[in-house]
2 protein chains.
Amino acid sequence: MEATQIMVKMVFDRWNALMQRCNGILDNLTDEQWQTEIAPGRNRVIYLVGHLIAVHDDMIPLLNFGDKLYPELYEPFLKSPDKGTEIPSPQTLRVYWRKHQETLTQQFERLKPEDWFEKHTAVSSEDFIKEPYRNKLNIIITRTSHLSYHIGQLALIK
Amino acid sequence: MEATQIMVKMVFDRWNALMQRCNGILDNLTDEQWQTEIAPGRNRVIYLVGHLIAVHDDMIPLLNFGDKLYPELYEPFLKSPDKGTEIPSPQTLRVYWRKHQETLTQQFERLKPEDWFEKHTAVSSEDFIKEPYRNKLNIIITRTSHLSYHIGQLALIK
């Protein structure tokens, strides 16, 4: 096992474990529970789900996989706070969540370990020479940390 | 910048950013706020702080840095639920938290990038040949994810 292969495996083991955990939590909550706040006056489950899809959707152009699947989620889940605007139903977001995950997984599988150490699309070639850690794998590392943060909140729903 | 150096930087950039964020949250909460639950019927801030110190303390033997600083936190914060037993005061835990962070940081700085790809102490040399991702850096990756999970909860306190 080469060093790059080991690194990519460590990072994706975390991502996959957390996505699985998130699926477990969301599947076990009813549509009604999705409408509840994770703590009094805080974001609802449904908002966090839309927020996670929107953040993960942004990974698609960042990783040079193509266009976002659901660009319409940017406004309600990244620019607006919860209850700030109309949002899709739990049923719709459940479908988006699964479909998005499948798409990302398919794209991830097409990359070889060394590809993950290439630059992501938000950094210029010049900057990447000086800052080689601004690579595709770092996108997975930072989004894993973001995912874990919100799973900690979703886990509070009884 | 070599691949190992890049990888170690990516992982520690996350760890450091999250520790800094955690410090910011905890420093801005009063001792009284440390006694509040992050959500109704859920863990109190003070319990999460003790829990994080206990988990981070376990990193010391795992990374072969020596003995735990606060082995007495294992029972109240890893074996017992919140309000299950006597715990130290917020004042004491604030000191432990800072002191522990300093100790870990000093130890981290002594390692060279390639050292992070050596096995941690909970895996045998035989298993490590087959599973080379069970290395010291993976301890940082998994504990970063754990830290982020609980920061998501701590951030709910107003």
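Analysis parameters
- Per-chain numbering applies: the sequence of each chain, read as written, is numbered from 1 onward.
- To label them, take the chains in the order written and letter them from A, then take the ligands in the order written and number them from 1.
- Given that this is a predicted model, residues contribute local features only at a pLDDT of at least 70 and side-chain atom pairs are listed and counted only at 80 or more, while totals for whole chains, interfaces and linings are drawn from all residues.
- With hydrogens and water stripped out, all remaining heavy atoms of the structure feed into the side-chain values.
- Only the stretch in contact is used when a helix axis is fitted, and all axes are lines through C-alpha atoms; the angle between N-to-C directions ranges over 0 to 180 degrees.
- Helix and strand assignments follow DSSP, with helices taken as H or I runs no shorter than four residues and strands as E runs no shorter than two, numbered in order from the N terminus.
- Throughout, the term roughly parallel applies to angles under 35 degrees, roughly antiparallel to angles over 145, roughly perpendicular to angles from 65 to 115, and oblique to all others.
- Two helices crossing with the near one rotated counterclockwise from the far one by less than a right angle form a left-handed crossing, whereas a clockwise rotation gives a right-handed crossing.
- Only heavy atoms enter the contact rule, under which two residues are in contact if any of them lie within 4.5 Å.
- Note on residue categories: nonpolar means Ala, Val, Leu, Ile, Met, Phe, Trp, Tyr, Cys or Pro, charged means Asp, Glu, Lys or Arg, and polar means any other residue, Gly included.
- Copies overlap after least-squares fitting; the atoms used are the C-alpha atoms of residues with pLDDT of at least 70 in both.
- Grid points spaced at 1 Å and placed over the protein atoms alone form the basis of the search, with a cavity being a set where a 1.4 Å probe fits but cannot get out and a pocket an open set showing protein on both sides within 12 Å along at least five of seven lines. Lining residues have an atom within 4 Å of a point.
- Grid points are joined across faces, edges and corners, and a volume is the space filled by probe spheres set on the points.

Caption draft 1: Focus on the packing of helix 1 (residues 3-28) of chain A against helix 7 (residues 136-154) of chain A. Residues and elements named next belong to chain A. Contact pair helix 1 / helix 7: the axes reach a minimum separation of 10 Å and the direction vectors enclose 30°. With respect to helix 7, the axis of helix 1 lies roughly parallel. Between helix 1 and helix 7 lies a crossing of left-handed hand. Here Met7, Val8, Val11, Phe12, Arg14, Trp15, Leu18, Met19, Arg21, Cys22, Ile25 and Leu26 of helix 1 come into contact with helix 7, specifically with Leu137, Ile140, Ile141, Arg143, Thr144, Leu147, Ser148, Ile151 and Leu154. Residues of the contact of helix 1 with helix 7, tallied by class, amount to 16 nonpolar, two polar and three charged.

Caption draft 2: Quick look at the relation of the copies chain A and chain B. If you rotate chain A by 180° and push it 0.0 Å along the axis, it lands on chain B with an RMSD of 0.0 Å. In short, the pair behaves as if placed about a two-fold rotation axis. It is A:Tyr149 whose C-alpha, among those of chain A, lies nearest the rotation axis, at 2.1 Å.

Caption draft 3: Molecular detail of the layout of surface pockets. A volume near 330 Å³ is recorded for the largest pocket. Taken together, 17 residues form the lining of the largest pocket, with A:Tyr149, A:His150, A:Gln153, B:Arg21 and B:Ala155 sitting closest to its centre. Elements with a contribution of two residues or more to the lining of the largest pocket: helix 7 of chain A together with helix 1 (3-27) of chain B. Of the residues contributing to the lining of the largest pocket, the split by class is seven nonpolar, seven polar and three charged. For the second largest pocket, the calculated volume is near 250 Å³. Lining of the second largest pocket is provided by 13 residues; of these, A:Phe12, A:Asn16, A:Thr105, A:Phe108 and A:Glu109 occupy positions nearest its centre. Of all the elements in the fold, those that place two or more residues in the lining of the second largest pocket are helix 1 and helix 5 (90-109) of chain A.

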